[in-house]
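Overview (structure and organization)
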Amino acid sequence: MTLTGRASDASDTSAVLDSSGAHETVEESPLLHTATVEAQERGDSTSSPRSLDAGITMACVVSAAAVCFAPLQYGYHIAELNTPRKIITGCDKDAAHWGSLPLCLPMNDAIYSLATSIFAIGGLVGSLGAGWMAEKWGRRGALVLNNAPFVLGPLLMAFAVSPSMLIVGRFVSGVGSGAAVVIAPMYLSEIAPVRFRGTLNLLNQLSIVVGILITLTVGMLANEGPYWRISVGFGIIFALVHMAISGLAVESPRYLWSRNRRAEARAVLCRLRQTSNIDDEVSDWSATPVSDTPLQPSTELRSPSDDSLRAVQTVNRGESGHTVKPDDDEGLGDTLQVEKVNVTIFNIFRFSQYRKPWVLVLLLQFGQQLSGINTVFYYSSSVLEKMFSSRISSILTMMIGVLNVLATASGALIVDRFGRRPLLFSSMGSMAVSITLLGLGLGLKINTLAAVSLYLVVASFAPGYGPVPFLLGTEFFDIRAAGAGGSWALAANWVGTFIVATAFLPLQNLIGEWVFSIFVVCLAVCGAVFYFHVPETKGRTIEEISRSFK
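Residues numbered from 1 in each chain as written. Predicted model: local features only at pLDDT ≥ 70, side-chain atom pairs only at ≥ 80, totals over all residues. Heavy atoms only, no water.

With that settled, consider the packing of helix 12 (residues 203–221) against helix 21 (residues 390–418). Remark: helix 12 packs on helix 21, axes separated minimally by 9 Å, with the N-to-C direction vectors making an angle of 165°. Looking at the two axes, helix 12 sits roughly antiparallel to helix 21. With respect to the hand of their crossing, helix 12 and helix 21 are arranged in left-handed fashion. Where helix 12 approaches helix 21, its residues Gln205, Leu206, Val209, Val210, Leu213, Leu216, Thr217 and Met220 are matched on the opposing element by Ser394, Ile395, Thr397, Met398, Gly401, Val402, Asn404, Val405, Thr408 and Ala409. Here the residues of the contact of helix 12 with helix 21 are counted per class, giving 11 nonpolar, seven polar and no charged. (Axes fitted to C-alpha atoms, helices over the stretch in contact; angles between N-to-C directions. Helix = DSSP H or I, 4+ residues; strand = E, 2+ residues; numbered from the N terminus. Parallel < 35°, antiparallel > 145°, perpendicular 65-115°, else oblique. Left-handed = near helix turned anticlockwise from the far one by under 90°. Contact = heavy atoms within 4.5 Å. Nonpolar A, V, L, I, M, F, W, Y, C, P; charged D, E, K, R; others polar.)

On the surface, Met387, Phe388, Ile392, Ile395 and Met399 cluster together to form a nonpolar patch covering roughly 370 Å² of accessible area. Position of phenylalanine 388 relative to the elements: it lies in the loop between helix 20 (373–385) and helix 21. (Patch = residues over 30% accessible without salt bridge, like charges linked within 9 Å, V, L, I, M, F, W, Y side chains within 5 Å. Areas by Shrake-Rupley, 256 points an atom, 1.4 Å probe, with all protein chains shown as cover. Salt bridge = Lys/Arg side-chain N within 4 Å of Asp/Glu carboxyl O.)

Enumeration over the complete set of coordinates arrives at 20 aromatic pairs. The interplanar angle of 80° and the centroid separation of 5.7 Å between the aromatic rings of phenylalanine 234 and phenylalanine 238 together place this pair among those described as edge-to-face. Summarising the aromatic geometry, the rings of phenylalanine 516 and phenylalanine 519 are spaced 6.1 Å apart at their centres and angled 70° between planes, so their arrangement reads as edge-to-face. Here the residue phenylalanine 516 and the residue phenylalanine 519 both occupy positions in helix 26 (residues 515–533), the gap between them amounting to three residues, near one helical turn. The class of phenylalanine 516 is buried, set by a relative accessible area of 3%. Among the aromatic residues, ring-to-ring pairing joins Tyr74, Phe119 and Trp494 into one connected group. Arginine 421 extends its terminal NZ or CZ atom over the ring of tyrosine 531, reaching a point 5.2 Å from the ring centre. (Phe/Tyr/Trp six-rings, centres within 6.5 Å; stacked < 30°, edge-to-face > 60°. Buried < 20%, exposed > 50% of the residue type's maximum accessible area, 1.4 Å probe, protein only. Lys NZ or Arg CZ within 6 Å of the ring centre and 35° of its normal.)

A word on the confidence of the model for the chain. The pLDDT averaged across the chain works out to 81; a share of 80% of its residues lies at or above 70. Low pLDDT (under 50) marks residues 287–325, which in the prediction has 79 contacts with non-local residues, meaning those over four places away or in another chain. Confidence drops under pLDDT 50 across residues 327–339; counting only partners more than four residues distant or on other chains, this segment forms 34 contacts. (pLDDT = per-residue confidence, 0-100.)

Across soluble globular proteins, you tend to see nonpolar side chains buried next to one another. Ile348, Leu454, Tyr465, Phe476, Phe477, Phe516 and Phe530 are the most contacted members of the largest nonpolar core, which totals 110 residues. When neighbours within four sequence positions are excluded, phenylalanine 530 is seen to be in contact with Leu363, Leu364, Arg421, Leu424, Phe425, Met428 and Tyr465. Counting residues in each nonpolar core, the second largest holds 14 residues, with Leu81, Leu105, Met157 and Trp228 among its members. (Core = buried A, V, L, I, M, F, W, Y, C linked by side-chain atoms within 4.5 Å.)

Overall, the coordinates contain zero disulfides when judged by the stated rule. No disulfide involves cysteine 522; its sulfur sits 6.2 Å from the nearest other cysteine sulfur, which is in cysteine 526. We classify cysteine 526 as buried; its relative accessible area is 12%. (Disulfide = S-S within 2.5 Å.)

When you line up the elements, glutamine 508 lands in helix 25 (residues 482–511). Taking relative accessible area as the criterion, glutamine 508 reaches 13% and is therefore assigned buried. Each residue touching glutamine 508, except ones within four places of it in the same chain, is listed here: Tyr379, Glu513 and Val515. Here glutamate 513 takes part through its side chain, which lies 3.5 Å from a polar atom of the side chain of glutamine 508. (Polar contact = N/O pair within 3.5 Å; in protein donor to acceptor, adjacent residues only side chain to side chain.)

This next bit is on unusual backbone geometry. In the Ramachandran plot, asparagine 260 falls in the positive-phi region, its phi being about 65° despite a non-glycine side chain. Along the chain, the position of asparagine 260 falls in the loop between helix 15 (253–258) and helix 16 (262–273). Taking the relative accessible area as the measure of exposure, asparagine 260 reaches 37% and is therefore partly exposed. Notably, lysine 445 is not glycine yet its phi reads approximately 60°, a positive angle. The residue lysine 445 is located in the loop between helix 22 (420–443) and helix 23 (447–461) in this model.

Let's shift gears to helix 25. For helix 25, built from 30 residues, the straight-helix expectation of 44 Å at 1.5 Å per residue is met to within 8% by its first-to-last C-alpha distance of 41 Å. Residue phenylalanine 504 marks the point of greatest curvature in helix 25, where the axis turns by about 35°; the proline proline 506 follows within four residues. Two residues or fewer past helix 25, glycine 512 is found with a positive phi of approximately 70°. (Expected span 1.5 Å × (residues − 1). Bend = angle between axes of the 7 residues up to and from the residue.)

Looking at where alanine 265 falls in the secondary structure, it is placed in helix 16. Owing to a relative accessible area of 0%, alanine 265 belongs among the buried residues under this scheme. Sequence separation between alanine 265 and glutamate 251 is 14 residues, and the spatial gap between their C-alpha atoms is 8.6 Å. Leaving out residues up to four positions away in the same chain, alanine 265 has contacts with Pro253, Leu256 and Trp257.

Put into structure tokens, the structure is as follows:
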């Protein structure tokens, strides 16, 4: 692809080379780009494939694999209390101890529900702070430091001597999980080649569902006596592994560029793309001033060639006198130098160019939870236990986790072929049908229909409405607003999770299985809004997407 208005002699030469055998190699093997760096060693960048046309290289795969241990831990912790509930609470105060620890932690349903739901409160706190962490320590550095709550939380739960200690451990794990699912998808989108950004980013959601599957498996194997402590403490292994292999991942080149570490950013990008012809890609990374009007082309900073990079850097240092203003000056001063514009969770909605994408990511994440997907997992065990023994229903519940992984993987394989919008809308449509069938099956007590519908809902959600909101949340914001936008997106997700979890049972007691009709209506309303306002982002750079909202 080419960038309008940015073609130069070098990019023209690259375009000619795109019809050569080197380009054919990229097309034939997009998931493992094998271009060599001989031209880089010769210093001849124009004879190398363009980085905008690159596939997913081994350097990308290794970096992504190392980082994906962060969302995997979120997936593990979110479901860790589902299976062992009875053995955690199922003994009296005089029960025998396991070593120096009590065999179980007697508590009523209200306290156990608090232990489960406080994870979402911790997630909200972690997600709101994640953007600041990612800007302060970098994407990779923030994820490494974020292993601290992933170590402390499991330790508190595994060695809990009271329900309050278990609750604190869940909250701490939630904080780490909230930060992980903001920073990891941001990092994946920033290291990914343009043509396969969706595929690489969906590894975030795939890691989450693999984590859920692992916790279901561990919970089933450790569902006896005091072994629930192994189940809730098992997550510490993932944290230790992540810390051990984090050095294999590179820092985000876009982050390095935003910190004026230009030479380092170029070196990292060359490594990720396995080519030295990166000028077209980095030319779009130069800081774009935040404007106070929807359309103001004169404020865009363009750098079509290396010669103009010095001018851009001068502007970035605040030496040009170029000023920008948010919509509301109050509290921010009359004018701001370009370098001093700091987009945070507290002011992102005050800048017109970020306001629409900010609203959209809130609706995408909040609407995802209003689809009722978590209630489906809540119902899975009880529905299957009506038809099968406890042992068989546990296995079938685990198979729902397997289906979740497979369906998510299928979405990762096709998202860059068919685009985000087709995947999103087909997923939402099939979810509406599946949830309707689930409600009918439960309401009419047709157990077979209800059981089959459980699998249909998961198969509908996993490839589209599950991962696409995370992906779009990383594509709508340029480098200035990436952290703040990601924090708000996941905060909306956590709030939606908490609201649905809190309101579902009272609503079900009030209107019965008609409660599922609320989810269908929410899917229809959100689908209509997304149809008219969510753009297709396939094959476009993040800067192009961000500018389209001005």
